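Here's the letter readout for the chains.
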Amino acid sequence: MLNRIKAVYIYIKKVGTVTTNELAEEFGITDRTMQRDLSILEYNGLVSSPNRGKWTITEKKVKIS
């Protein structure tokens, strides 16, 4: 699960603004599962949803290993 969440963050960073549906399709999971993953990223201040259902990364600095 953590690898998928990390991959989601990297994908959003690479692509830019994406919808929950686009992410779920890209990663082959349900919208609800993707929403849970995005909630984890949002809780940690890594992504935000300025427009309902559209996600983008925040300015928070992250070291990805």
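Everything discussed here concerns the structure shown above.
Chemist: How should I be thinking about the overall build of the protein in this particular structure?
Modeler: Helices and strands together make up the secondary structure of the protein, namely three helices and three strands. Taking 2.2 N^0.38 as the reference for a compact globule, 65 residues should give roughly 11 Å; the C-alpha atoms of the protein span a radius of gyration of 11 Å, in line with that estimate. Based on the C-alpha atoms only, the size of the protein along its principal axes is roughly 30 × 25 × 20 Å. Relative to its 65 residues, the protein shows a buried fraction of 26%. Per element, the accessible surface of the protein, about 4,600 Å² overall, is 51% carbon and sulfur. Across the protein, 11 positive and 7 negative side-chain charges occur, with their mean positions spaced 8 Å apart.

Chemist: Help me out: how do you make sense of the nonpolar core in this one?
Modeler: One recurring pattern in soluble globular proteins is that nonpolar side chains are buried together. If you look at the biggest cluster of nonpolar residues, it comprises 14 residues, and the most contacted ones within it are Val8, Ile12, Leu23, Met34, Leu38, Leu41 and Val47. The set of elements that each furnish at least two residues to this core consists of helix H1 (2-15), helix H2 (20-27) and helix H3 (31-43). Setting aside chain neighbours within four positions, we find Met34 in contact with Val8, Thr20, Leu23, Ala24, Phe27 and Ile29.

Chemist: Sorry if this is basic, but what is going on with the layout of surface pockets here?
Modeler: Over the atoms a probe the size of a water molecule is rolled, and this reveals where empty space is left. Looking at the largest pocket, its volume works out to about 170 Å³. Lining the largest pocket, in full, are Leu2, Ile5, Lys6, Tyr9, Ile40, Leu41, Asn44, Leu46, Val62, Lys63, Ile64 and Ser65. Counting residues per element, the ones that place at least two in the lining of the largest pocket are H1 and H3. Among the elements that take part in the lining of the largest pocket, H1 stands out by supplying four residues, more than any other. Considering only residue class, the lining of the largest pocket consists of eight nonpolar, two polar and two charged.

Chemist: What is the right way to read H2 from this model?
Modeler: In an α-helix, one turn spans 3.6 residues; hence positions three or four apart end up facing the same way. Turning to H2, its buried residues number three or more, namely Thr20, Leu23 and Ala24. One side of H2 carries all its buried residues, which in axial view fall inside an arc of 100 degrees. Where H2 is buried, its residues touch H1, strand S1 (18-19), H3 and strand S3 (54-57). Taken from the residues just after H2, Gly28 is the one with a positive phi, measuring 65 degrees.

So, how was this worked out
Residues numbered from 1 in each chain as written. Predicted model: local features only at pLDDT ≥ 70, side-chain atom pairs only at ≥ 80, totals over all residues. Heavy atoms only, no water. Helix = DSSP H or I, 4+ residues; strand = E, 2+ residues; numbered from the N terminus. Rg over C-alpha atoms; globule rule 2.2 N^0.38 Å. Buried < 20%, exposed > 50% of the residue type's maximum accessible area, 1.4 Å probe, protein only. Areas by Shrake-Rupley, 256 points an atom, 1.4 Å probe, with all protein chains shown as cover. Lys, Arg positive; Asp, Glu negative; His and termini not counted. Charge placed at Lys NZ, Arg CZ, Asp CG, Glu CD. Core = buried A, V, L, I, M, F, W, Y, C linked by side-chain atoms within 4.5 Å. Contact = heavy atoms within 4.5 Å. 1 Å grid on protein atoms, 1.4 Å probe; cavity = no way out; pocket = protein on both sides within 12 Å on 5 of 7 lines; lining within 4 Å. Points joined across faces, edges and corners; volume = space filled by probe spheres on them. Nonpolar A, V, L, I, M, F, W, Y, C, P; charged D, E, K, R; others polar. Arc of directions from axis to C-beta.

That is the geometry; function is a separate question.
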